[in-house]
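Descriptive analysis of the structure
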Amino acid sequence: MYEIITSGGLVGLIIFFLSLASVALVVDQGRSLRKKILLPQEQVEKLRELISTGQLQAADTYCRENPGTLTFIVRMGLQECDGDWSDMEKTLEDVIGEESARLYRRVEFLSVIGNVAPMLGLLGTVLGMITAFQQIAATQGSAQGPELARGIYQALVTTVEGLIVAIPSIGAFAFFRNRIDQLMAEMTYTVQRLFLPLKRYRRKTRGGKTA
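The structure reproduced in this document is the subject of the present report. Each chain carries its own residue numbering, running from 1 in the written order of its sequence. With pLDDT at 70 or above as the cut-off, local features in this predicted model cover only qualifying residues; side-chain atom pairs require 80 or more to be listed or tallied, and sums for whole chains, interfaces and linings still use all residues. The side-chain numbers reported here are obtained from all heavy atoms of the structure, hydrogens and water having been left aside.

1. Re helix α2 (residues 9-32)
Helical geometry: 3.6 residues make up each α-helical turn, so side chains three or four residues apart lie on a common side. Our working rule: Each helix is a run of DSSP H or I of at least 4 residues and each strand a run of E of at least 2, with the numbering of both proceeding from the N terminus. Here a helix's expected span is defined as the number of its residues, less one, multiplied by 1.5 Å. Working definition: with a 1.4 Å probe on protein chains only, accessible area under 20% of the residue-type maximum means buried, over 50% means exposed, and in between means partly exposed.
Given a rise of 1.5 Å per residue, 24 residues ought to cover 34 Å, and the 35 Å separating the end C-alpha atoms of α2 matches this to within 8%. Residues of α2 that are buried include every one of Val 11, Gly 12, Ile 15, Leu 18, Ser 19, Ser 22, Leu 25, Gln 29 and Ser 32, and no others.

Have a look at this one:
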(Lines give C-alpha, C1' and ligand atoms only; values in the text may rest on other atoms or scores of the structure.)
Protein backbone atom coordinates (compact mmCIF):
# COMPACT_ATOMS: atom_id res chain seq x y z
CA MET A 1 0.00 0.00 0.00
CA TYR A 2 2.78 2.42 0.91
CA GLU A 3 4.56 1.66 -2.36
CA ILE A 4 1.40 2.34 -4.37
CA ILE A 5 0.82 5.66 -2.61
CA THR A 6 4.38 6.85 -3.07
CA SER A 7 4.49 5.70 -6.71
CA GLY A 8 1.83 8.31 -7.49
CA GLY A 9 4.27 11.06 -6.67
CA LEU A 10 3.16 14.40 -5.24
CA VAL A 11 -0.24 14.17 -6.91
CA GLY A 12 -0.82 10.74 -5.42
CA LEU A 13 0.13 12.06 -1.99
CA ILE A 14 -2.39 14.90 -2.30
CA ILE A 15 -5.10 12.41 -3.30
CA PHE A 16 -4.18 10.28 -0.27
CA PHE A 17 -4.68 13.26 2.07
CA LEU A 18 -8.00 13.98 0.36
CA SER A 19 -9.03 10.41 1.12
CA LEU A 20 -8.24 10.95 4.81
CA ALA A 21 -10.26 14.17 4.79
CA SER A 22 -13.16 12.35 3.13
CA VAL A 23 -13.13 9.58 5.74
CA ALA A 24 -13.02 12.15 8.55
CA LEU A 25 -15.99 14.02 7.06
CA VAL A 26 -18.01 10.84 6.63
CA VAL A 27 -17.40 9.84 10.25
CA ASP A 28 -18.21 13.34 11.52
CA GLN A 29 -21.43 13.63 9.51
CA GLY A 30 -22.43 10.09 10.35
CA ARG A 31 -22.22 10.97 14.04
CA SER A 32 -23.88 14.40 13.84
CA LEU A 33 -26.67 13.82 11.30
CA ARG A 34 -28.74 11.66 13.59
CA LYS A 35 -32.26 12.19 14.84
CA LYS A 36 -31.29 11.89 18.49
CA ILE A 37 -28.73 14.66 17.97
CA LEU A 38 -30.76 17.13 15.90
CA LEU A 39 -34.21 16.21 17.18
CA PRO A 40 -33.90 14.70 20.69
CA GLN A 41 -37.19 13.21 21.84
CA GLU A 42 -36.71 14.40 25.42
CA GLN A 43 -36.40 18.00 24.22
CA VAL A 44 -39.50 17.63 22.06
CA GLU A 45 -41.54 16.32 24.98
CA LYS A 46 -40.31 19.00 27.37
CA LEU A 47 -40.96 21.86 24.95
CA ARG A 48 -44.39 20.46 24.08
CA GLU A 49 -45.28 20.42 27.77
CA LEU A 50 -44.07 23.98 28.39
CA ILE A 51 -45.59 25.56 25.29
CA SER A 52 -48.93 23.74 25.57
CA THR A 53 -49.33 25.04 29.14
CA GLY A 54 -48.39 28.60 28.19
CA GLN A 55 -45.01 28.60 29.96
CA LEU A 56 -43.27 30.46 27.16
CA GLN A 57 -40.64 32.10 29.35
CA ALA A 58 -39.76 28.73 30.85
CA ALA A 59 -39.56 27.28 27.35
CA ASP A 60 -37.19 30.06 26.30
CA THR A 61 -35.03 29.43 29.36
CA TYR A 62 -34.98 25.71 28.62
CA CYS A 63 -33.84 26.38 25.05
CA ARG A 64 -31.01 28.61 26.27
CA GLU A 65 -29.86 26.02 28.79
CA ASN A 66 -29.97 23.18 26.26
CA PRO A 67 -28.33 24.48 23.06
CA GLY A 68 -29.00 22.50 19.91
CA THR A 69 -30.63 22.73 16.51
CA LEU A 70 -34.18 22.16 17.77
CA THR A 71 -33.90 24.47 20.77
CA PHE A 72 -32.32 27.22 18.66
CA ILE A 73 -35.18 27.11 16.15
CA VAL A 74 -37.83 27.10 18.90
CA ARG A 75 -36.11 29.97 20.74
CA MET A 76 -36.12 32.10 17.58
CA GLY A 77 -39.84 31.39 17.20
CA LEU A 78 -40.56 32.27 20.82
CA GLN A 79 -38.93 35.66 20.33
CA GLU A 80 -41.73 36.49 17.88
CA CYS A 81 -44.54 35.20 20.09
CA ASP A 82 -45.73 38.74 20.89
CA GLY A 83 -46.17 39.62 17.22
CA ASP A 84 -48.49 38.32 14.54
CA TRP A 85 -48.66 34.60 13.90
CA SER A 86 -47.54 35.17 10.33
CA ASP A 87 -44.36 36.82 11.62
CA MET A 88 -43.64 33.82 13.82
CA GLU A 89 -44.20 31.43 10.92
CA LYS A 90 -41.89 33.49 8.71
CA THR A 91 -39.22 33.50 11.42
CA LEU A 92 -39.45 29.73 11.89
CA GLU A 93 -39.28 29.19 8.14
CA ASP A 94 -36.19 31.41 7.82
CA VAL A 95 -34.39 29.83 10.77
CA ILE A 96 -35.06 26.29 9.56
CA GLY A 97 -33.80 27.32 6.12
CA GLU A 98 -30.62 28.76 7.65
CA GLU A 99 -30.02 25.61 9.69
CA SER A 100 -30.52 23.45 6.60
CA ALA A 101 -28.02 25.59 4.68
CA ARG A 102 -25.53 25.28 7.55
CA LEU A 103 -25.77 21.50 7.48
CA TYR A 104 -25.48 21.45 3.68
CA ARG A 105 -22.33 23.55 3.77
CA ARG A 106 -20.56 20.97 5.91
CA VAL A 107 -21.61 18.10 3.64
CA GLU A 108 -20.63 19.97 0.46
CA PHE A 109 -16.95 19.39 1.26
CA LEU A 110 -17.55 15.76 0.26
CA SER A 111 -18.84 16.93 -3.10
CA VAL A 112 -15.76 19.12 -3.54
CA ILE A 113 -13.47 16.18 -2.79
CA GLY A 114 -15.48 13.97 -5.13
CA ASN A 115 -14.96 16.43 -7.96
CA VAL A 116 -11.34 17.38 -7.24
CA ALA A 117 -9.96 13.85 -6.74
CA PRO A 118 -10.54 12.58 -10.32
CA MET A 119 -9.19 15.85 -11.71
CA LEU A 120 -6.02 15.32 -9.70
CA GLY A 121 -5.94 11.74 -10.96
CA LEU A 122 -6.13 13.04 -14.50
CA LEU A 123 -3.32 15.49 -13.73
CA GLY A 124 -1.20 12.61 -12.45
CA THR A 125 -2.00 10.65 -15.59
CA VAL A 126 -0.84 13.49 -17.83
CA LEU A 127 2.33 13.99 -15.78
CA GLY A 128 3.10 10.27 -15.95
CA MET A 129 2.65 10.17 -19.71
CA ILE A 130 4.85 13.26 -20.06
CA THR A 131 7.54 11.45 -18.09
CA ALA A 132 7.26 8.42 -20.38
CA PHE A 133 7.46 10.44 -23.60
CA GLN A 134 10.28 12.55 -22.17
CA GLN A 135 12.24 9.34 -21.69
CA ILE A 136 11.57 8.36 -25.29
CA ALA A 137 12.74 11.76 -26.50
CA ALA A 138 15.86 11.65 -24.34
CA THR A 139 16.88 8.27 -25.75
CA GLN A 140 15.86 9.20 -29.30
CA GLY A 141 13.26 6.46 -29.38
CA SER A 142 15.49 3.68 -28.11
CA ALA A 143 13.98 3.58 -24.59
CA GLN A 144 13.14 0.09 -23.40
CA GLY A 145 10.00 -1.05 -21.58
CA PRO A 146 11.47 -0.84 -18.06
CA GLU A 147 12.55 2.74 -18.71
CA LEU A 148 9.01 3.73 -19.69
CA ALA A 149 7.26 1.71 -17.01
CA ARG A 150 7.76 4.30 -14.26
CA GLY A 151 5.86 7.06 -16.04
CA ILE A 152 3.08 4.78 -17.22
CA TYR A 153 2.78 3.19 -13.78
CA GLN A 154 2.43 6.63 -12.18
CA ALA A 155 -0.23 7.55 -14.74
CA LEU A 156 -2.31 4.46 -13.97
CA VAL A 157 -1.89 4.69 -10.20
CA THR A 158 -3.03 8.31 -9.89
CA THR A 159 -6.05 7.63 -12.10
CA VAL A 160 -7.14 4.74 -9.91
CA GLU A 161 -6.46 6.68 -6.71
CA GLY A 162 -8.57 9.59 -7.90
CA LEU A 163 -11.50 7.34 -8.75
CA ILE A 164 -11.23 5.37 -5.50
CA VAL A 165 -11.53 8.60 -3.53
CA ALA A 166 -14.14 10.27 -5.76
CA ILE A 167 -16.73 7.51 -6.04
CA PRO A 168 -17.32 6.95 -2.28
CA SER A 169 -17.15 10.70 -1.59
CA ILE A 170 -19.89 11.50 -4.11
CA GLY A 171 -21.95 8.57 -2.86
CA ALA A 172 -21.59 9.76 0.75
CA PHE A 173 -22.51 13.30 -0.28
CA ALA A 174 -25.74 12.10 -1.91
CA PHE A 175 -26.60 9.99 1.14
CA PHE A 176 -26.03 12.80 3.64
CA ARG A 177 -27.85 15.33 1.45
CA ASN A 178 -30.93 13.11 1.46
CA ARG A 179 -30.50 12.55 5.17
CA ILE A 180 -30.51 16.30 5.80
CA ASP A 181 -33.68 16.71 3.70
CA GLN A 182 -35.38 13.98 5.70
CA LEU A 183 -34.32 15.32 9.08
CA MET A 184 -35.20 18.94 8.32
CA ALA A 185 -38.61 17.94 6.95
CA GLU A 186 -39.25 16.12 10.21
CA MET A 187 -37.87 19.12 12.10
CA THR A 188 -40.33 21.43 10.33
CA TYR A 189 -43.27 19.17 11.14
CA THR A 190 -42.22 18.82 14.79
CA VAL A 191 -41.76 22.57 15.31
CA GLN A 192 -45.14 23.28 13.74
CA ARG A 193 -46.75 20.77 16.09
CA LEU A 194 -44.98 22.34 19.07
CA PHE A 195 -46.41 25.78 18.31
CA LEU A 196 -49.87 24.48 17.36
CA PRO A 197 -51.37 24.98 20.88
CA LEU A 198 -50.20 28.59 20.83
CA LYS A 199 -51.76 29.11 17.42
CA ARG A 200 -55.07 27.64 18.59
CA TYR A 201 -55.02 29.80 21.71
CA ARG A 202 -54.51 32.95 19.65
CA ARG A 203 -57.35 32.04 17.32
CA LYS A 204 -59.62 31.39 20.29
CA THR A 205 -58.64 34.69 21.92
CA ARG A 206 -59.16 36.61 18.69
CA GLY A 207 -62.57 35.00 18.25
CA GLY A 208 -63.54 35.94 21.80
CA LYS A 209 -62.56 39.56 21.28
CA THR A 210 -64.47 39.75 18.02
CA ALA A 211 -67.58 38.37 19.69
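2. Comments concerning the packing of helix α4 (residues 41-52) against helix α5 (residues 56-65)
Here is the rule we go by: Note on geometry: axes are C-alpha line fits, over the in-contact stretch for helices, and angles between N-to-C directions span 0 to 180 degrees. When an angle is under 35 degrees it counts as roughly parallel; over 145 it counts as roughly antiparallel; between 65 and 115 it counts as roughly perpendicular; any other value is oblique. Note: crossing handedness is left-handed where the near helix turns anticlockwise from the far helix by less than a right angle, and right-handed where it turns clockwise. Only heavy atoms matter for contacts: two residues are in contact if any of them lie within 4.5 Å across the pair. Side-chain classes follow a simple rule in which Ala, Val, Leu, Ile, Met, Phe, Trp, Tyr, Cys and Pro form the nonpolar group, Asp, Glu, Lys and Arg form the charged group, and the remainder, Gly included, forms the polar group.
Running from N to C, α4 and α5 cross one another at 155°; their axes reach a closest spacing of 8 Å. Viewed along their axes, α4 and α5 adopt a mutual orientation that is roughly antiparallel. For the pair α4 and α5, the crossing hand works out as left-handed. From α4, Glu 42, Gln 43, Lys 46, Leu 47, Leu 50 and Ile 51 reach across to α5, where they touch Leu 56, Ala 58, Ala 59, Tyr 62 and Cys 63. When its residues are assigned to classes, the contact of α4 with α5 shows eight nonpolar, one polar and two charged.

3. Observations concerning the packing of aromatic side chains
Rule in force here: Between 30 and 60 degrees the pair is tilted, below 30 it is stacked and above 60 it is edge-to-face, where a pair is any two Phe, Tyr or Trp rings, Trp via its six-membered ring, whose centres lie within 6.5 Å.
On inspection of all chains with the given rule, the structure shows two aromatic pairs. With a centroid separation of 5.4 Å and 70° between ring planes, the pair formed by Phe 175 and Phe 176 is classed as edge-to-face. Its relative accessible area of 6% is what places Phe 176 among the buried residues.

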